[in-house]
Amino acid sequence: MHRILIIEDEQDIADLIGFNLQRAGYEVLKAHDGIEGTETALRERPDLIVLDLMLPGRDGFAVFRELRRDPRTVGIPVIMLTARAQTEDRIQGLEAGADDYLTKPFSPKELMLRVSAILKRADSPPGNVDFSHGPFRFDKNSQKFYLDNQPAELTSTEFKLLLFLCERAGKQQDRNDLLRTVWGYSDAAHSRTLDTHMKRLRQKLGSHGAWIETVRGIGYRTAKSAP
Ligand code: CA
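Draft legend 1. Representation of the pattern of salt bridges within the structure. Applying the stated criterion across every chain, the model contains 18 salt bridges. The salt bridge involving D70 is made with R72; its shortest N-O contact spans 2.9 Å. Taking the relative accessible area as the measure of exposure, D70 reaches 16% and is therefore buried. A salt bridge links D195 to R175, with the nearest nitrogen and oxygen atoms 3.0 Å apart. Separated by 20 residues along the polypeptide, D195 in helix α8 (residues 191-205) and R175 in helix α7 (residues 175-183) bring together distant segments of the chain. Beyond isolated ion pairs, a larger network of salt bridges with shared partners links E8, E10, D52 and K104.

Below you can see the structure in the form of structure tokens.
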């Protein structure tokens, strides 16, 4: 059973999310401020965290940065929540490396879809351990990533995105296919999400970011051989 930590100070929302998650078969942990949230995450190491950004004690971005710095929690997928609809928050959250983002008010159904998509891709397919392409090496089981044979840190979304492109190297991948496969989105309304993740992924890959080519009007493609 997957365990999900909800870090949210608004009791009504925490209860609503918790109720829906439990009904869907997840085990739920709750924390009501940023400090308690950080401590609970480090201690319990849940499978996924739903993190509100506006929290007393320590705001959501600070909690997120701390969890990403700690090896015990670095790989845990995070869905950020905010009451503020501003695009800049969304972009800041995604650039910080959040796996997904929801603006309040959201439907519990939408959150359940996102949770299920993220956990599905975090569950490694058994038996299929390694894949490599150019300077990139993937350990699918443990979701470890190596760049030039050095361990490098990718979020689970970045891992999935790069692996998907590398497994199809040389072939252009349509934006909607990427959004559907990597994020589980069924429409193109989240185009900006893809570009934001791609920008960050390229930054992390440094000079090897050039392996990922933008195909204008279509999507992205990983080069078949060194660019
Ligand atoms: Ca709040």
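Draft legend 2. Local environment of helix α2 (residues 34-44). Taken as a whole, α2 has its buried residues at G34, G37, T38, T40, A41 and L42. Against β1 (3-7), β2 (27-31), β3 (48-52) and α3 (60-69) lie the buried residues of α2. Capping the start of α2 is the job of one residue whose side-chain oxygen sits 2.9 Å from the backbone nitrogen of I35: D33.

Draft legend 3. Geometry of the sheet that holds strand β8 (residues 144-147). An order of β6-β7-β8-β9 is seen for the four strands of this open sheet, with the pairing classed as antiparallel. Each end of this open sheet is capped by a strand with a single partner; those strands are β6 (130-133) and β9 (150-152). Here the strands of the sheet are splayed against their neighbours by 25° on average, with no regard to which way each runs. Each of β6, β7 (136-139) and β8 is contacted by helix α6 (residues 156-167), which is oriented at about 115° to β7, the strand it contacts most.

Draft legend 4. How the structure looks around the nonpolar core. Residues F136, F145 and L162 are the most contacted members of the largest nonpolar core, which totals 25 residues. At the level of secondary structure, the elements contributing two or more residues to this core comprise β7, β8, α6, α7 and α8. Here this core gets seven residues from one element, more than from any other, and that element is α6. Excluding residues that lie within four positions of it along the chain, L162 makes contacts with F136, F138, F145, L154, L201, L205 and I212. Counting 19 residues, the second-largest nonpolar core is a separate cluster that includes A31, L55, F64 and M80.

Draft legend 5. Local environment of the environment of L163. Assignment of secondary structure puts L163 in helix α6. According to the relative accessible area criterion, L163 is buried, its value standing at 10%. Distance in space between the C-alpha atoms of L163 and P56 is 38 Å, their sequence separation being 107 residues. Dropping the residues within four chain positions of it, L163 is found in contact with F131, F138 and K140.

Draft legend 6. Structural detail: the packing of aromatic side chains. Counted according to the given criterion, the structure contains five aromatic pairs. Residues F131 and F138 carry aromatic rings whose centres are separated by 6.1 Å and whose planes lie at 40° to one another, so their mutual orientation is tilted. Overall, F131 belongs to the partly exposed group, its relative accessible area being 24%. According to the relative accessible area criterion, F138 is buried, its value standing at 0%. Note on F138 and F145: the rings are 5.4 Å apart at their centroids and 50° apart in plane angle, and the pair reads as tilted. One aromatic cluster is present, built from ring pairs that chain together F131, F136, F138, F145, F159 and W211. Taking the ring centre of Y146 as reference, the NZ or CZ of R137 above it sits at 5.2 Å.

Draft legend 7. View of the coordination of the calcium ion. For the calcium ion, the full set of protein donor atoms is D9 (OD), E10 (OE), D52 (OD) and M54 (O), at a range of 2.1 to 2.9 Å. Every donor residue of the calcium ion comes from the same chain, spaced as D-E-x41-D-x1-M.

Draft legend 8. Main features of the side chain of R68. Examined against the element boundaries, R68 turns out to sit in helix α3. At 3.0 Å, the side chain of R68 forms a polar contact with the backbone oxygen of I76. Ignoring any residue separated from it by four or fewer positions in sequence, one finds R68 in contact with T73, V74, I76, V78, G97, D99, E153 and T155.

Rules of the game
- Residues numbered from 1 in each chain as written.
- Predicted model: local features only at pLDDT ≥ 70, side-chain atom pairs only at ≥ 80, totals over all residues.
- Heavy atoms only, no water.
- Salt bridge = Lys/Arg side-chain N within 4 Å of Asp/Glu carboxyl O.
- Buried < 20%, exposed > 50% of the residue type's maximum accessible area, 1.4 Å probe, protein only.
- Helix = DSSP H or I, 4+ residues; strand = E, 2+ residues; numbered from the N terminus.
- Contact = heavy atoms within 4.5 Å.
- Polar contact = N/O pair within 3.5 Å; in protein donor to acceptor, adjacent residues only side chain to side chain.
- Pairing = 2+ DSSP bridges.
- Axes fitted to C-alpha atoms, helices over the stretch in contact; angles between N-to-C directions.
- Core = buried A, V, L, I, M, F, W, Y, C linked by side-chain atoms within 4.5 Å.
- Phe/Tyr/Trp six-rings, centres within 6.5 Å; stacked < 30°, edge-to-face > 60°.
- Lys NZ or Arg CZ within 6 Å of the ring centre and 35° of its normal.
- Donors = N, O, S within 2.8 Å, 3.2 Å for Na, K, Ca; no water.

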